[in-house]
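Commentary on secondary and tertiary structure
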Amino acid sequence: MKNRAFPILVASILIMAFLFPSHNIAVQKADYEKYGSIAIAVVKADYPQQAVTDYKYMGRKKISTMEVEDSFQFLVKENSKDKTVQVTIKHDLKNDKFISLTVSEPEQP
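In this report, the structure presented in the accompanying data block is examined.

1. What about the sheet that holds strand β2 (residues 67–78)?
- Taken together, the four strands give an open sheet; going across it, the order is β1-β2-β3-β4, and neighbouring strands pair in antiparallel fashion. A single partner strand is all that each edge strand has here, and the edge strands are β1 (51–62) and β4 (97–104). The sheet shows a mean angle of 20° between the axes of neighbouring strands, taken without regard to direction.
- Pairing analysis gives seven bridges linking strand β3 (residues 81–92) to β4, with the strands arranged antiparallel. By the bridge assignment for β4, Q86 is matched with S104.

2. Remarks on the pairing of β2
- Pairing of β1 with β2, which is carried by 10 bridges, proceeds in the antiparallel orientation. Following the sheet pairing, R60 is matched in β2 by D70.
- In textbook terms, the turn of a hairpin is the stretch between consecutive antiparallel strands, and for β1 and β2 this stretch comprises four residues.
- Note: β2 against β3, 12 bridges, orientation antiparallel. When the bridges of β3 are listed, L75 appears paired with T84.
- The hairpin formed by β2 and β3 contains two residues between the paired strands, and N79 there has a positive phi angle of roughly 55°.

3. Considerations on the environment of I38
- Relative to the helices and strands, I38 resides in helix α2 (residues 22–46).
- Remark: the alpha-carbon pair of I38 and I89, spanning 51 residues in sequence, is separated by 8.9 Å.
- Not counting residues up to four positions away in its chain, the partners in contact with I38 are I89 and L101.

4. What to know about the pattern of salt bridges
- Going through the model one piece at a time under the given rule, you end up with seven salt bridges.
- Residues K90 and E67 are paired through a salt bridge, measuring 3.9 Å at the closest nitrogen-oxygen approach. Taken together, the residues K90 in strand β3 and E67 in strand β2 connect sequence positions 23 residues apart.
- By relative accessible area, which is 23% here, E67 ends up partly exposed.
- D82 is the salt-bridge partner of K77, the closest N and O atoms lying 3.3 Å from each other.
- Note on K77: relative accessible area 36%, which makes it partly exposed.
- One salt-bridge network, held together by shared partners, links E78, K83 and E105.

5. Examining the packing of aromatic side chains
- On inspection of all chains with the given rule, the structure shows three aromatic pairs.
- Note on Y55 and F72: the rings are 6.1 Å apart at their centroids and 15° apart in plane angle, and the pair reads as stacked. Note that Y55 is positioned in strand β1 and F72 in strand β2, a separation of 17 residues in sequence.
- Take Y55: its relative accessible area is 30%, and that puts it in the partly exposed class.

Procedures and definitions
Residues numbered from 1 in each chain as written. Predicted model: local features only at pLDDT ≥ 70, side-chain atom pairs only at ≥ 80, totals over all residues. Heavy atoms only, no water. Pairing = 2+ DSSP bridges. Helix = DSSP H or I, 4+ residues; strand = E, 2+ residues; numbered from the N terminus. Axes fitted to C-alpha atoms, helices over the stretch in contact; angles between N-to-C directions. Contact = heavy atoms within 4.5 Å. Salt bridge = Lys/Arg side-chain N within 4 Å of Asp/Glu carboxyl O. Buried < 20%, exposed > 50% of the residue type's maximum accessible area, 1.4 Å probe, protein only. Phe/Tyr/Trp six-rings, centres within 6.5 Å; stacked < 30°, edge-to-face > 60°.

What follows is the structure, encoded as structure tokens:
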């Protein structure tokens, strides 16, 4: 009984490691933080006299096997009115390289 328990324990740990890869979560969080900081800096540079009142990570969209887009939404107070600003950052996962950045102001309803 003792000899059978060890291989089952090792197999269980390996299966859990493949099903729940914490490394991928940590890498995505690091990307999110890195590119989120860039997005904040760009919005502050584009709207220097306005207050950034809210910030939201909108998620990641896979463009190809190695390219993704992270989207961020900001609420900027301009002339006492709230304005939504969206920043989309495209980057390469393989070499952690920045590809492009887009700032847009979606139409308000």
